[in-house]
Amino acid sequence: MLAYLIRRLWQMVPTLLGVVLLVFALFKGFGADPAVLLAGQNATQAQIAAIRQELGLDQPWWFQLGIFLKQIITFDWGKSWATGETVAHLFATRLPATLTVMTPMFVLDALLAIPLALAVARVRGSLTDRVLMVVTTVALSISFLVYVIVGQYLFGYQLGWFPVQGWSDSVWTNLTTYVPLPVLLVVLVGLSPQTRLYRSFFLDELGQDYVRTARAKGLSEGAVFYRHVLRNAMIPILTNIGMALPGIFIGSFLIEVFFSIPGLGREVLLAVNRSDYPVIQATTVYLAVLTMLINLGTDLLYKVVDPRVVLK
Amino acid sequence: MSPPRSDSVWRAAWRRFRRDRVGLVSLGVVLAFLLLIVASASGLVARQWQQEVGVPSAPPHVLGPRPPDAAEGAIQPSGPNVDLTDIDPLAPRYAEWAERAKHYRSADPVRADTLPLGGDRMGRDVLAKAVKGTEISVFVGVLAAVLATGIGTLLGALAGFFGRWVDDVLEWVYNVFTAVPDILLIFAFAAVFGRGLTTVVVILGLVGWTGLYRQVRAEFMKHRSRDYVRAAEAIGASPSARMFQHILPNISHVILVRMSLMVVGFIKSEVILSYLGLGVPIDQVSWGTMLAEAQSELILGHWWQLATATVFMAVFVTAFSLMADAWRDALDPKLKGQA
């Protein structure tokens, strides 16, 4: 187990190095000159040269890559070019808002879709199948933008059930007042495709021999589903959840922009519009690390839900 | 007597496809859209989409013209005009300017009260915008899918065919690209490449190739040691000939299906990117920019731009996805029924 863990962590090093190289090459090779961006429009040549020296831009590229690596290891990304805020402070202050919206969304999504999929799998038949298929196809063909625009207009503006947008300092107020509308919209839109996906996992298991055996020895349909099928279908379900998990930390960009939530996603988008390189570079690298760790965590969970899995 | 020739893959697939009614109808819808796009790209229709042909936010024909608004225009002052000639420094030149202005003719175009599907904030025809927007959105989606398919197929073929260190290196590249969530990768590319149509295509292509790469790589690994490829090698076919003349045609259906799924995905991404201001520039129109404008119009009760863009997009995307599903079932009957 420990050997497995160490080996997996060791394997992350080249991938992470690749991500760092990609980001470095991208911004170095194609991005505008940071010194010119930073100095502003009325800068003299001397000012630009001074900034260049301060950032180490007058050094050879391998030296700059060294600076970049040092920033990653020491978690010291310096300051945002646009606002002068340190990147660490920016993460610390924006992440709570993102988590406040995304966590309920994520939990509710799984809590609703899995039982629903089980129910649909139990009454499987060509009619439910077709209804679900049609609803999914149509639901997915409409842009998510439309749902948010119409939902905000209908629930926030016309019916007045929720505030259209806003945010406060209190987590409780946020959860009870501002979070419900975005969560409702995202869960509603995602429910039918998620149900269809989970249902296909359950149906895969239903065709297996052990299900026939369980039925043959007289188990009730409920016991077959909850004790056998659900446990066996956990692996693809976990994989799916694990793949969606990194999204929590960056937040749904659209949701944060639409509902004026001061989270990480909106901050990254602002950074893109302002060419604020330090913020984008930091987010990209750390999110890559997080994604890899979550993948490792998912693999370890396989072992928990299914003892037959051998990690090697 | 030679044995009866069996149908080619494509002919057999077409025979299966013809039996799929849903697939046929969706193919018809997609072809109709393609005709519309060709007409719009060649300037036959919707060339004048930037003309302000109607009154601002003109309602659709079915609703009829908007009743004259009581609050419209400033309140006219009723008192006598004060003579400012003594203190107005520009007064001596008014006559001269009036004389000069006579040389120019200003036309006051008649603006329609209603338009077929309504007008936007500036009085542009929503129908023309939707047609032009279809052209741009589908264009971006298809081109990006072609680019992503090109990259994915080439790299997948190299990795799967040669294996060894080529495979190791490309797997590393694949791991790097999948380690970063797609949307963030798109943002990082957008930050350095700037804005514009070409940029959107390039970004989506550079980010979207990974799924196809895995599939093509697996297919090439499977095929490279099959008998027909070894036979080709025995008669001296070069590696590139074996890869692209022998193996590629045999897996082209996999690529085609994957590519059509990518088109749908990229069209949706383009809409989101354009809404966020990273996509289509403001002098162009796409479904995404239409939806972005529609957001502020909806509060005023002007729902027609939102409805038109949504319907255009929903019809095209639904038809295209159903067509892709039907293609997959026809080209690869083994996969039938899988999601």
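Residues numbered from 1 in each chain as written. Chains lettered and ligands numbered in written order. Predicted model: local features only at pLDDT ≥ 70, side-chain atom pairs only at ≥ 80, totals over all residues. Heavy atoms only, no water.

We now examine the overall build of chain B. Along its length, chain B carries 12 helices and 0 strands. Taken from the N to the C terminus, the helices and strands of chain B come in the order α-α-α-α-α-α-α-α-α-α-α-α. Over its C-alpha trace chain B gives a radius of gyration of 29 Å, far above what one expects of a compact globule, namely 20 Å for 339 residues. Along the first, second and third principal axes, the C-alpha set of chain B runs to 105 × 45 × 40 Å. Buried residues in chain B amount to 46% of all 339 residues. Carbon and sulfur atoms make up 61% of the accessible area of chain B, which totals about 18,600 Å². Averaging the positions of the 32 positive and the 29 negative side-chain charges in chain B gives two centres separated by 15 Å. (Helix = DSSP H or I, 4+ residues; strand = E, 2+ residues; numbered from the N terminus. Rg over C-alpha atoms; globule rule 2.2 N^0.38 Å. Buried < 20%, exposed > 50% of the residue type's maximum accessible area, 1.4 Å probe, protein only. Areas by Shrake-Rupley, 256 points an atom, 1.4 Å probe, with all protein chains shown as cover. Lys, Arg positive; Asp, Glu negative; His and termini not counted. Charge placed at Lys NZ, Arg CZ, Asp CG, Glu CD.)

Counting residues in each nonpolar core, the largest one holds 134 residues, and the members touching the most others are F27 of chain A together with F187 of chain B. Take this core: its biggest share by element is 14 residues, from helix α4 (residues 126-162) of chain B. Beyond its immediate sequence surroundings of up to four residues, F27 of chain A is in contact with Y277, I280 and Q281 of chain A together with A188, A191 and V192 of chain B. Grouped together as the second largest cluster of nonpolar side chains are 17 residues, L206, A214, V229 and I237 of chain A included. (Core = buried A, V, L, I, M, F, W, Y, C linked by side-chain atoms within 4.5 Å. Contact = heavy atoms within 4.5 Å.)

Our next topic: the side chain of S286 of chain B. Residue and element names in this part refer to chain B. With respect to the helices, strands and loops of the structure, S286 is situated in the loop between α10 (239-275) and α11 (287-299). Look at S286 and you get buried, because its relative accessible area is 0%. Among the polar contacts made by the side chain of S286, one reaches the main-chain amide nitrogen of G288 at a distance of 3.1 Å. Setting aside its immediate chain neighbours within four residues, S286 contacts G133, I136, S137, E270, S274 and V280. (Polar contact = N/O pair within 3.5 Å; in protein donor to acceptor, adjacent residues only side chain to side chain.)

Residue and element names in this part refer to chain B. Using the criterion set out here, one finds 15 aromatic pairs over all chains in the structure. With centroids separated by 6.3 Å and ring planes inclined at 85 degrees, the aromatic side chains of F33 and F312 adopt a geometry described as edge-to-face. In this pair, F33 sits in helix α2 (residues 21-41) while F312 sits in helix α12 (residues 304-331), placing the two residues 279 residues apart along the sequence. Just as F33 is buried, F312 falls in that class too. What links up through ring pairs into an aromatic cluster is the set F33, W287, F312, F316 and F320. (Phe/Tyr/Trp six-rings, centres within 6.5 Å; stacked < 30°, edge-to-face > 60°.)

With that settled, the discussion passes to a nonpolar patch on the surface. Taken together, the side chains of L21 of chain A together with W165, V169 and W172 of chain B make up a nonpolar region of the molecular surface, amounting to roughly 430 Å² of accessible area. The biggest single contributor to the nonpolar patch is helix α5 (residues 164-179) of chain B, with 3 residues. By the element assignment, W172 of chain B lies in helix α5. (Patch = residues over 30% accessible without salt bridge, like charges linked within 9 Å, V, L, I, M, F, W, Y side chains within 5 Å. Salt bridge = Lys/Arg side-chain N within 4 Å of Asp/Glu carboxyl O.)

Across the interface, helix α1 (residues 2-29) of chain A lies against helix α6 (residues 182-193) of chain B with an axial gap of 9 Å and an inter-helix angle of 25 degrees. Comparing the axis directions of α1 of chain A and α6 of chain B gives the class roughly parallel. For the pair α1 of chain A and α6 of chain B, the contacting residues are L22, L26 and F27 of chain A in the first and L185, A188, F189, A191, V192 and F193 of chain B in the second. For the contact of α1 of chain A with α6 of chain B, the class distribution of residues is 9 nonpolar, no polar and no charged. (Axes fitted to C-alpha atoms, helices over the stretch in contact; angles between N-to-C directions. Parallel < 35°, antiparallel > 145°, perpendicular 65-115°, else oblique. Nonpolar A, V, L, I, M, F, W, Y, C, P; charged D, E, K, R; others polar.)

Residues and elements named next belong to chain B. Taken as a whole, chain B shows an average pLDDT of 81; of its residues, 92% reach a score of 70 or greater. Averaged over each element, pLDDT in chain B is lowest for helix α1 (residues 9-19) (79) and highest for α4 (88). Here the prediction assigns the complex a pTM of 0.79, and the interface score ipTM is 0.77. (pLDDT = per-residue confidence, 0-100.)

Another point: the pattern of salt bridges. Residue and element names in this part refer to chain B. Enumeration over the complete set of coordinates arrives at 15 salt bridges over all chains. Of the charged contacts in the structure, one is a salt bridge between R100 and E96, with a shortest N-O distance of 3.2 Å. Here E96 and R100 lie together in helix α3 (residues 94-101), a separation of 4 residues that amounts to about one turn. Overall, the relative accessible area of 37% leaves E96 in the partly exposed class.

Between chain B and chain A, the contact holds 37 residues from the first and 42 residues from the second. Overall, the association of chain B and chain A removes approximately 3,500 Å² of surface from exposure, summing both partners, and the carbon and sulfur fraction of that is 80%. Of all residues in chain B, the largest losses of buried area upon contact with chain A belong to L184, F187 and V192 of chain B, amounting jointly to 15% of the total for that side. Across the contact surface, chain B and chain A share 2 residue pairs in polar contact (both at pLDDT 80 or more). Sorting the residues of the side of chain B that touches chain A by element identifies α5, α6, α10, α11 and α12 of chain B as the ones contributing at least two each. When residues of the side of chain B that touches chain A are assigned to their parent elements, the largest contribution, 10 residues, is made by α6 of chain B. Of the residues in the side of chain B that touches chain A, the class split is 30 nonpolar, 4 polar and 3 charged. (Buried area = accessible area lost by both parts, 1.4 Å probe.)

The next point concerns the UniProt feature "transmembrane region" (unreviewed entry) in chain A. Residue and element names in this part refer to chain A. Per the UniProt record, the feature "transmembrane region" (unreviewed entry) sits at residues 99-119, 131-155, 175-192, 237-259 and 279-302. As a span, residues 131-155 carries 92% helix and 0% strand, and end to end its C-alpha atoms are 26 Å apart. Within residues 175-192, the helical portion is 94% and the strand portion 0%, while the C-alpha atoms at the span's ends are 25 Å from each other. (UniProt positions renumbered as here; feature names shortened; annotations may be inferred.)

On to the environment of L185 of chain B. Mapped onto the elements of the fold, L185 of chain B is located in helix α6. Given a relative accessible area of 2%, L185 of chain B falls into the buried group. Between the C-alpha atoms of L185 of chain B and Y104 of chain B, which are 81 residues apart in sequence, the distance is 54 Å. For L185 of chain B, the residues in contact, after removing those within four places along its chain, are L22 of chain A together with F177, V180 and V207 of chain B.

Here we come to the side chain of S26 of chain B. Residue and element names in this part refer to chain B. Position of S26 among the secondary structure elements: in helix α2. A distance of 2.9 Å separates a polar atom in the side chain of S26 from the backbone oxygen of V22. With residues up to four places along the chain from it excluded, the contact list for S26 reads A319, L322 and M323.

Residue and element names in this part refer to chain A. The phi dihedral of S260 is positive, around 50 degrees, even though this residue is not glycine. Note that S260 resides in the loop between α13 (253-258) and α14 (264-273). According to the relative accessible area criterion, S260 is partly exposed, its value standing at 24%.

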